[in-house]
Amino acid sequence: SVLEQWSQGIPLEDHMFWTRPLRSWEVEEVIKLESIVKKISLGSDKDVLKWANNKSIYSTKLATELLWHSSPQIDWKFVWKLKVPQKIKLFLWKVHLGILPTKSLLASRGVISSDNVACSLCRMERETDVHLLLECELSRQVWNNISAWWFLNSLLPKEFSLKRLWDQSKKFSTKKARQVWKIVVRASLWILWLARNKENFNQVKTDVQSLVATIKQQAKEWCLAFNLIHESSVIWWNGNPMGVLTNSEKMQFKELMSKAAD
């Protein structure tokens, strides 16, 4: 074999290993390869793939764990079990991975000029996913309005993040309230992204109140679709979402008891 002959002292660049004479640049590459191979020590154990950082045997489970610990803590089961359409789950997956096609990302890949990376909504800062969805002045005003709608304290401390948004659900005592709050967060992120695209591609400007109204409508439709709120209670949705939840539970309980009686 090649390795046996090489171990006997024949250099890898020798013509006997190749179907044709090597060119000068190929000889240089083979010499580099030889220097690497010489550092390899073969043993009698069975060949296995191991991670260089901890010498553990490779497995997909270990790969997942390493990726998990080297990236922001994301509960992927949580993302894929969201009560929203599939395209919204894919959108949120991209948000969490930081791979939304923002101007900053597109410029880094050479798709657009690096001179054309201003935020589509504010035209003031570089358009990254974090800036667009969380830090842009328009986005911050939207989140403040959503916070006030749900009678929460301001969502916008210095360390504002997606994780902090999701964690706001812990302030609610019922499972349904936590579910609905997360739907509102998803709707907000999605509508902000759509507003960015309308401004960027169609030159359609928007304002805070229009965005908030659209977010409320979108969240309401998703909540109705997944039977989280009752149709008879939605008249209070824009002013008191917690009241809608409370009344919806009463109405759903009455309907359940009525069906049981029949």
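This report concerns the structure included in the present document. This one's a predicted model, so the numbers in the text were calculated from it and none came from an experiment. (Residues numbered from 1 in each chain as written. Predicted model: local features only at pLDDT ≥ 70, side-chain atom pairs only at ≥ 80, totals over all residues. Heavy atoms only, no water.)

1. Some remarks on the overall build of the protein
Scanning the protein for helices and strands turns up twelve helices and zero strands. The helix and strand sequence of the protein, counted from the amino end, reads α-α-α-α-α-α-α-α-α-α-α-α. In the protein, which comprises 262 residues, the share counted as buried stands at 37%. Across the protein, every contact between residues at least 6 apart in sequence was considered, and the portion connecting residues at least 24 apart equals 46%. (Helix = DSSP H or I, 4+ residues; strand = E, 2+ residues; numbered from the N terminus. Buried < 20%, exposed > 50% of the residue type's maximum accessible area, 1.4 Å probe, protein only. Contact = heavy atoms within 4.5 Å.)

2. Quick notes on the state of the cysteines
Following the criterion strictly, the structure yields zero disulfides and no others. Its sulfur unpaired, Cys 119 is 3.7 Å from the next cysteine sulfur, which belongs to Cys 122. Its relative accessible area of 0% is what places Cys 119 among the buried residues. (Disulfide = S-S within 2.5 Å.)

3. Description of the pattern of salt bridges
All chains considered together, the criterion is met by six salt bridges. Residue Lys 32 is joined to Glu 29 by a salt bridge in which the shortest nitrogen-to-oxygen separation is 3.7 Å. You can see Lys 32 and its partner Glu 29 sitting in helix H2 (residues 24–37), three residues apart, about one turn around the helix. In this structure, Asp 167 engages Lys 170 in a salt bridge whose closest nitrogen and oxygen atoms are separated by 3.7 Å. What makes Asp 167 partly exposed here is its relative accessible area of 27%. Look at Lys 170 and you get exposed, because its relative accessible area is 63%. (Salt bridge = Lys/Arg side-chain N within 4 Å of Asp/Glu carboxyl O.)

4. Section: the packing of aromatic side chains
The tally for this structure, following the rule as stated, stands at seven aromatic pairs. Look at Trp 149 and Trp 150: their rings are 5.9 Å apart centre to centre, the planes differ by 80 degrees, and that puts the pair in the edge-to-face class. Seen from their ring centres, Trp 150 and Trp 181 are 5.5 Å apart, and the 75 degrees between their planes marks the pair as edge-to-face. Taken together, the residues span a long stretch of sequence, with Trp 150 in the loop between helix H8 (137–149) and helix H9 (162–167) and Trp 181 in helix H10 (residues 175–202) at a distance of 31 residues. Here Trp 150 falls in the buried class, since its relative accessible area comes to 2%. Take Trp 181: its relative accessible area is 0%, and that puts it in the buried class. Three or more aromatic residues joined by ring pairs form one cluster here, namely Trp 149, Trp 150, Phe 172, Trp 181 and Trp 237. (Phe/Tyr/Trp six-rings, centres within 6.5 Å; stacked < 30°, edge-to-face > 60°.)

5. Some details on the nonpolar core
Of all hydrophobic cores here, the largest spans 51 residues; its most connected members are Ile 146 and Trp 150. Of all the elements in the fold, those that place two or more residues in this core are helix H5 (86–97), helix H7 (129–135), H8, H9, H10, helix H11 (208–225) and helix H12 (241–261). No other element matches the 13 residues that H10 contributes to this core. (Core = buried A, V, L, I, M, F, W, Y, C linked by side-chain atoms within 4.5 Å.)

6. Observations concerning the environment of Thr 206
Among the secondary structure elements, Thr 206 is positioned in the loop between H10 and H11. For the pair formed by Thr 206 and Leu 121, sequence separation is 85 residues and the distance between their alpha carbons is 8.5 Å.

7. Regarding unusual backbone geometry
One non-glycine residue, Arg 123, lies in positive phi territory at about 60 degrees. Considering the arrangement of structural elements, one finds Arg 123 in the loop between helix H6 (103–108) and H7. With a relative accessible area of 43%, Arg 123 lands in the partly exposed category. A positive phi is found at Asn 227, a non-glycine position, where the angle reads about 60 degrees. Note that Asn 227 resides in the loop between H11 and H12.

8. Section: the environment of Leu 132
Within the fold, Leu 132 resides in helix H7. Among residues more than four places away in sequence, those in contact with Leu 132 are Cys 119, Leu 121, Glu 127, Ser 139, Trp 193 and Arg 196.

9. Quick word on the side chain of Gln 218
Note on placement: Gln 218 falls in helix H11. Using a relative accessible area of 18% as the deciding quantity, one classes Gln 218 as buried. If we ignore the near neighbours within four places in the chain, the residues touching Gln 218 are Ala 187, Trp 190 and Ile 191.

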